[in-house]
Amino acid sequence: MGSSGINAEYMGSSGINAEYMGSSGINAEYMGSSGINAEYMGSPPELQITGDMTIAMFVTHVNDGNRQNPYAKAYNGEGTITIEAGTEGEDGETGTTDDENSTLSFYWAGENSQYCCAKALQALPHGPWTHIAIVRDFTNFADFERGLASKFYVNGEYFPTTNCRDQEWADTNFRDADGNYFAQARATEDAATVGSGYVSSHHGNIEDLRVYSRALSAEAIACYAGKRGATDAERAACARM
């Protein structure tokens, strides 16, 4: 296995080929059609990422009116990606099958298990394949911004985000015993899952999932977004940018 961590392969009924490479990343491919059976990957140290992190993948997505988890570890811990079903309309309903209203959110929690989240300010585009990347970057965020501490990229370009918590909430709920804002996530024993999680299963396909224990550069993410169908060596070169 070497120093890069776990090297495992899964070939189940959903056509999964997954490799765990520690800080080098996770490479997973899902070749389903209308939906993905959840794969439970356990909670190895490589996935108990409490600091900087990048999660990236290609997805197709169908809005079926439910919130969906393409990748989940822990809402109240290392982090979980949610594709939200839609925006609240005049009738107060949030569930919608209007694809234009699908948005991305990323949740994680500090040591007190109070979760914060970043949410996209634009709807998730829909096409044959969309590349999404979530970057948690403690190094380049300070104070209250650590409650957000996340940047989204869609198809290789920065995707505007906002903090779903306000300053008052952060001052009350997101400080450690010394009064500082949390600057790392809480490690959990929750199993990481791909294609499922706390909310509904992902409705669509996922390809080339990669999870890194560092914040990839914008250049690296743009490189990945343009490498669907490329060789592993070509895609691995992106991470060095």
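Look up: the structure comes first, before these words.
The present account deals with the structure reproduced in this document. It should be emphasised that the depicted structure is a prediction, and the values quoted were computed from it without experimental measurement.

Some remarks on the overall build of the protein
Here comes step 1: A count of helices and strands for the protein gives three helices and 15 strands.
Here comes step 2: For the protein, with 241 residues in total, the buried portion stands at 49%.
Here comes step 3: Contacts spanning at least 24 positions in sequence make up 66% of the contacts within the protein whose residues lie at least 6 apart.
Here comes step 4: Carbon and sulfur atoms make up 44% of the accessible area of the protein, which amounts to about 10,700 Å² in all.

Notes on the packing of aromatic side chains
Here comes step 1: In this structure the tally under the stated criterion is five aromatic pairs.
Here comes step 2: Aromatic side chains tyrosine 153 and tyrosine 158 sit 6.1 Å apart centroid to centroid with 75 degrees between the ring planes, which places their arrangement in the edge-to-face category.
Here comes step 3: The exposure class of tyrosine 158 is partly exposed, given its relative accessible area of 46%.
Here comes step 4: Residues tyrosine 212 and tyrosine 224 carry aromatic rings whose centres are separated by 6.2 Å and whose planes lie at 35 degrees to one another, so their mutual orientation is tilted. With tyrosine 212 in strand S15 (residues 206-212) and tyrosine 224 in helix H2 (residues 218-225), the pair connects residues that are twelve residues apart, well separated along the chain. Each member of the pair tyrosine 212 and tyrosine 224 is classed as buried.

Considerations on H2
Here comes step 1: Among all positions of H2, only Ala220, Ile221, Cys223, Tyr224 and Ala225 are buried.
Here comes step 2: Considering only its buried residues, H2 is in contact with strand S4 (53-59), strand S9 (130-136), strand S10 (150-154), S15 and helix H3 (232-238).

With respect to the nonpolar core
Here comes step 1: One finds Ile55, Met57, Tyr71 and Leu104 to be the most contacted residues of the largest nonpolar core, which totals 36 residues.
Here comes step 2: Mapped onto this core, the elements with two or more residues apiece are S4, strand S6 (79-84), strand S7 (103-109), strand S8 (115-120), S9, S10, helix H1 (167-173) and S15.
Here comes step 3: Of all the elements, S4 adds the most residues to this core, at four residues.
Here comes step 4: Those residues in contact with tyrosine 71, other than ones at most four positions away along the chain, are Met41, Leu47, Ile55, Met57, Gly79, Thr80, Ile81, Ala192, Thr193, Val194, Leu209 and Val211.
Here comes step 5: Listed in part, the twelve residues of the second largest apolar core include Ala56, Ala133, Val135 and Ala239.

Quick word on the state of the cysteines
Here comes step 1: In the structure shown here, the tally under the stated rule is one disulfide.
Here comes step 2: Each sulfur in the disulfide pair cysteine 223 and cysteine 238 lies 2.1 Å from the other. In this structure, the disulfide formed by cysteine 223 and cysteine 238 twists by about -60 degrees around the S-S bond and is classed as left-handed. With a gap of 15 residues between them, cysteine 223 in helix H2 and cysteine 238 in helix H3 connect regions that are remote in the sequence. Each member of the pair cysteine 223 and cysteine 238 is classed as buried.

Topic: unusual backbone geometry
Glycine aside, residues mostly have negative phi angles, and peptide bonds mostly take the trans form.
Here comes step 1: Located in the positive-phi region is asparagine 155, a residue other than glycine, with phi close to 50 degrees.
Here comes step 2: Accessibility expressed as a relative area gives 41% for asparagine 155, which makes it partly exposed.
Here comes step 3: Positive phi, normally seen in glycine, also occurs at aspartate 208, with a value near 55 degrees.
Here comes step 4: You can see aspartate 208 is positioned in strand S15.

Details of the pattern of salt bridges
Here comes step 1: Counting across every chain of the model gives four salt bridges.
Here comes step 2: For lysine 73, the salt bridge is made with glutamate 78, and the minimal N-O distance between the two is 3.1 Å.
Here comes step 3: Judged by its relative accessible area of 5%, lysine 73 falls in the buried class.
Here comes step 4: Given the relative accessible area of 1%, glutamate 78 is considered buried.
Here comes step 5: A salt bridge links arginine 228 to glutamate 207; its shortest N-O distance comes to 2.8 Å. Taken together, the positions of arginine 228 in the loop between H2 and H3 and glutamate 207 in strand S15 put the pair 21 residues apart, joining distant regions of the chain.

Considering the environment of isoleucine 221
Here comes step 1: Here isoleucine 221 is to be found in helix H2.
Here comes step 2: Between the alpha carbons of isoleucine 221 and methionine 241 there is a distance of 9.0 Å; along the sequence they are 20 residues apart.
Here comes step 3: Once you skip the residues sitting within four places of it in the chain, isoleucine 221 turns out to touch His131, Ala133, Val135, Tyr153, Gly156 and Leu216.

With respect to the pairing of S9
Here comes step 1: Along S9, seven of the seven residues are buried, which leaves the element largely enclosed by surrounding structure.
Here comes step 2: Burial along S9 is two-sided: Thr130, Ile132, Ile134 and Arg136 facing one way and His131, Ala133 and Val135 facing the other are all buried.
Here comes step 3: Direction of pairing for S4 relative to S9: antiparallel, over a ladder of seven bridges. In the strand pairing of S9, alanine 56 is matched with alanine 133.
Here comes step 4: Sheet topology places S9 next to S10; five bridges connect them, and they run antiparallel. Paired with alanine 133 across the two strands is tyrosine 153, which belongs to S10.

Conventions and cut-offs
- Residues numbered from 1 in each chain as written.
- Predicted model: local features only at pLDDT ≥ 70, side-chain atom pairs only at ≥ 80, totals over all residues.
- Heavy atoms only, no water.
- Helix = DSSP H or I, 4+ residues; strand = E, 2+ residues; numbered from the N terminus.
- Buried < 20%, exposed > 50% of the residue type's maximum accessible area, 1.4 Å probe, protein only.
- Contact = heavy atoms within 4.5 Å.
- Areas by Shrake-Rupley, 256 points an atom, 1.4 Å probe, with all protein chains shown as cover.
- Phe/Tyr/Trp six-rings, centres within 6.5 Å; stacked < 30°, edge-to-face > 60°.
- Core = buried A, V, L, I, M, F, W, Y, C linked by side-chain atoms within 4.5 Å.
- Disulfide = S-S within 2.5 Å.
- Salt bridge = Lys/Arg side-chain N within 4 Å of Asp/Glu carboxyl O.
- Pairing = 2+ DSSP bridges.

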